[in-house]
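Residues per chain, in single letters:
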Amino acid sequence: MAFLVIFSHAGPIAGFYGGHDLGVQISSEQSIGGVAVAGFFFFSGFLIARSRMGSSTIWRYLWRRCLRIFPAFWATLLLVVLVFAPIAWWHTTGSLTGYWSVNFESPLTYFYNNMWLDLGQRNIAGMGAELPYSQLHGGYDWNGSAWTLRYEFLAYIVVAVLGLFGALANRMIGGIFCAVVLVLNAMQWSGAGTLWSVNPIFSDPFLLMFLAPFCFGVLFTLFGDRIPVDDRLAIGALALGALTYAYGGWNVIGQFGFLYFLMWFAVRGRITNWEKHGDFSYGIYITAWPVMTLGAFFGLQDSGWLVYHVVVIVATHVLAYLSWHLIESPAMSLKNWTPRLLDRGLTFMRPATTFLREELVNPDFSSTPYASRLRKQRQSAEGQS
């Protein structure tokens, strides 16, 4: 799926496929890159919900989600502003003079304006007017893929809240929530209603577009023991996805057929050594667009489709390998770390937090570790009696 994003974005960045994302030549609803991102959100919903239902508290859960998203993303921002953009400036002007002193889209503000995932500065120093992306679409962007990370983290927060209020302990409650999201998404894309008039939050169409596959993944966590993984269903689901992609209905129903097929492939395929050298998917996703943009400054697209993609794929693999081994994996090793001062504070506050927890937590409608322990203790007591 990370590869599909690269192939899709080669259209607007390098001018292939008529200057458009791959797939829009067939579908009026979604590009191939968008299909891949739906797959990302689907598996993320499946795995993140399982993580939230584990032994961690909500704060530990959020800490781990921050470690997974931010360190590598921040490193990519620094890579762009400290390495890629200066190289592009030097290639364009013949020197680095003036790069740091520009007062428009300053490199000094690029990191700060983007560090919290809400991309407030897409370009640096006004560069890129000669690139295919600018000439075809009038845009300037050093990392056009990263805008989806904001919705990814919002989905993490949704799961955190669901767990806090017990929607993951009682799978019917969680299932109803996810079903409502899927229905609202279908309404949005079928034109059945103007959801923004009900609540302004729905004025952003991407919110439901990304939450729908994410919640579909959550459903597989909640009802995994009841969802059949069947070869015939997988073939039919893939056919549904393909037909709706070509003829309409992808965002309403077709994508879920494709997502079911992905889960079937994950189960039936039994790929065990794919990540033996590391998990490169995130690194590929956040570095591919900057690599492709830098390549466009040097006219890499003029070498042809094959050479372009070989160079981009090799370069992003190198960066993803470094990102995993130098940043992502070391960051995740801190998932159980607690600063000493905070640990002392938590120890001091433990009597008060224990009292509040005992008063507020209902073990029947909470998926917190504390509620899980209470349920096990009650089951044990009932068994003994």
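In the annotation of an unreviewed UniProt entry, the entry for the chain reads Acyltransferase, and the organism field reads Oerskovia rustica.

Draft legend 1. The packing of aromatic side chains, seen in detail. Considering all chains together, one arrives at 32 aromatic pairs under this definition. Look at Phe216 and Phe220: their rings are 5.3 Å apart centre to centre, the planes differ by 75 degrees, and that puts the pair in the edge-to-face class. Taken together, the positions of Phe216 and Phe220, both in helix 8 (residues 205-222) and four residues apart, correspond to about one turn of that helix. In this structure, Phe216 and Phe220 share a single accessibility class: buried. A ring pair is formed by Trp250 and Phe258, whose centres lie 6.0 Å apart and whose planes are at 45 degrees; its orientation type is tilted.

Draft legend 2. Quick peek at the nonpolar core. Grouped together as the largest cluster of nonpolar side chains are 97 residues, with contacts concentrated most on Ile124, Met127, Trp142 and Tyr308. Each residue touching Met127, except ones within four places of it in the same chain, is listed here: Ala85, Ala88, Trp89, Tyr99, Tyr140, Trp142 and Phe297.

Draft legend 3. Here's a closer look at the side chain of Ser31. If you trace the backbone, Ser31 turns up in the loop between helix 1 (2-14) and helix 2 (32-52). The contact partners of Ser31, leaving out residues within four places of it in the chain, are Ser8, Asp21, Leu22, Val24 and Tyr245.

Draft legend 4. View of the UniProt feature "transmembrane region" (unreviewed entry) in the chain. Annotation from UniProt places "transmembrane region" (unreviewed entry) at residues 31-49, 69-90, 153-184, 205-224, 244-267, 279-300 and 306-327. With 81% helix and 0% strand, residues 153-184 has its two end C-alpha atoms placed 20 Å apart. End-to-end, the C-alpha atoms of residues 244-267 are 24 Å apart, and along that stretch the chain is 92% helix and 0% strand.

Draft legend 5. Layout of the pattern of salt bridges. Per the stated rule, a full pass over the model turns up six salt bridges. Among the ionic pairs, Asp225 bridges to Arg171, the shortest N-O distance being 2.8 Å. One end of the pair, Asp225, is in the loop between helix 8 and helix 9 (231-247); the other, Arg171, is in helix 7 (residues 171-190), and 54 residues separate them in sequence. Judged by relative accessible area, Asp225 falls into the exposed class, the value being 60%. Here Arg232 and Asp230 are joined by a salt bridge, their closest N and O atoms 3.4 Å apart. Among the charged side chains, a salt-bridge network with shared partners connects Arg68, Asp279 and Glu328.

Draft legend 6. Broad picture of unusual backbone geometry. Positive phi values are uncommon outside glycine, yet Leu117 reaches one of about 80 degrees. Take Leu117: it is sitting in the loop between helix 4 (107-114) and helix 5 (132-137). Its relative accessible area of 3% is what places Leu117 among the buried residues. At Ala125, a position not held by glycine, the phi torsion is positive, near 60 degrees. Mapped onto the elements, Ala125 comes out in the loop between helix 4 and helix 5.

Draft legend 7. Seen up close, the environment of Gly139. Here Gly139 lies in the loop between helix 5 and helix 6 (149-164). Look at Gly139 and you get buried, because its relative accessible area is 17%.

Draft legend 8. Region of interest: the packing of helix 1 against helix 11 (residues 281-297). Remark: helix 1 packs on helix 11, axes separated minimally by 10 Å, with the N-to-C direction vectors making an angle of 25 degrees. When the interaxial angle is binned, helix 1 and helix 11 end up roughly parallel. Our pair here, helix 1 against helix 11, has a crossing hand that is right-handed. Residue-level inspection shows Ala2, Val5, Ile6, His9, Ala10 and Ile13 of helix 1 in contact with helix 11, the latter providing Ser281, Ile284, Tyr285, Ala288, Trp289, Met292, Thr293 and Ala296.

Draft legend 9. Structural detail: the state of the cysteines. According to the stated counting rule, one finds zero disulfides in the structure shown. With no disulfide of its own, Cys66 has Cys215 as its nearest cysteine by sulfur position, at a separation of 20 Å. Of the cysteine sulfurs around Cys178, a residue in no disulfide, the closest is that of Cys215, at 4.1 Å.

Draft legend 10. Highlighting the side chain of Ser134. Turning to its location among the elements, Ser134 is positioned in helix 5. Using a relative accessible area of 8% as the deciding quantity, one classes Ser134 as buried. Those residues in contact with Ser134, other than ones at most four positions away along the chain, are Gly128, Ala129, Gly139 and Tyr140.

Draft legend 11. Geometry of helix 7. With 20 residues, helix 7 extends 28 Å from end C-alpha to end C-alpha; this agrees with the ideal 28 Å at 1.5 Å per step. All of the buried residues along helix 7 are Gly174, Gly175, Cys178, Val181, Leu182, Leu184, Asn185, Ala186 and Gln188. Taken from the residues just after helix 7, Gly191 is the one with a positive phi, measuring 75 degrees.

Draft legend 12. Focus on the packing of helix 2 against helix 8. Between helix 2 and helix 8, the least distance of the axes is 7 Å, while the angle of their chain directions is 40 degrees. What the angle tells us is that helix 2 and helix 8 run oblique. Judged by the twist between their axes, the crossing of helix 2 over helix 8 is right-handed. Residue-level inspection shows Val37, Ala38, Phe41, Phe42, Ser44, Gly45, Phe46, Ile48, Ala49 and Arg50 of helix 2 in contact with helix 8, the latter providing Phe210, Pro213, Phe214, Phe216, Gly217, Val218, Phe220 and Thr221.

Scoring rules and cut-offs
- Residues numbered from 1 in each chain as written.
- Predicted model: local features only at pLDDT ≥ 70, side-chain atom pairs only at ≥ 80, totals over all residues.
- Heavy atoms only, no water.
- Phe/Tyr/Trp six-rings, centres within 6.5 Å; stacked < 30°, edge-to-face > 60°.
- Helix = DSSP H or I, 4+ residues; strand = E, 2+ residues; numbered from the N terminus.
- Buried < 20%, exposed > 50% of the residue type's maximum accessible area, 1.4 Å probe, protein only.
- Core = buried A, V, L, I, M, F, W, Y, C linked by side-chain atoms within 4.5 Å.
- Contact = heavy atoms within 4.5 Å.
- UniProt positions renumbered as here; feature names shortened; annotations may be inferred.
- Salt bridge = Lys/Arg side-chain N within 4 Å of Asp/Glu carboxyl O.
- Axes fitted to C-alpha atoms, helices over the stretch in contact; angles between N-to-C directions.
- Parallel < 35°, antiparallel > 145°, perpendicular 65-115°, else oblique.
- Left-handed = near helix turned anticlockwise from the far one by under 90°.
- Disulfide = S-S within 2.5 Å.
- Expected span 1.5 Å × (residues − 1).

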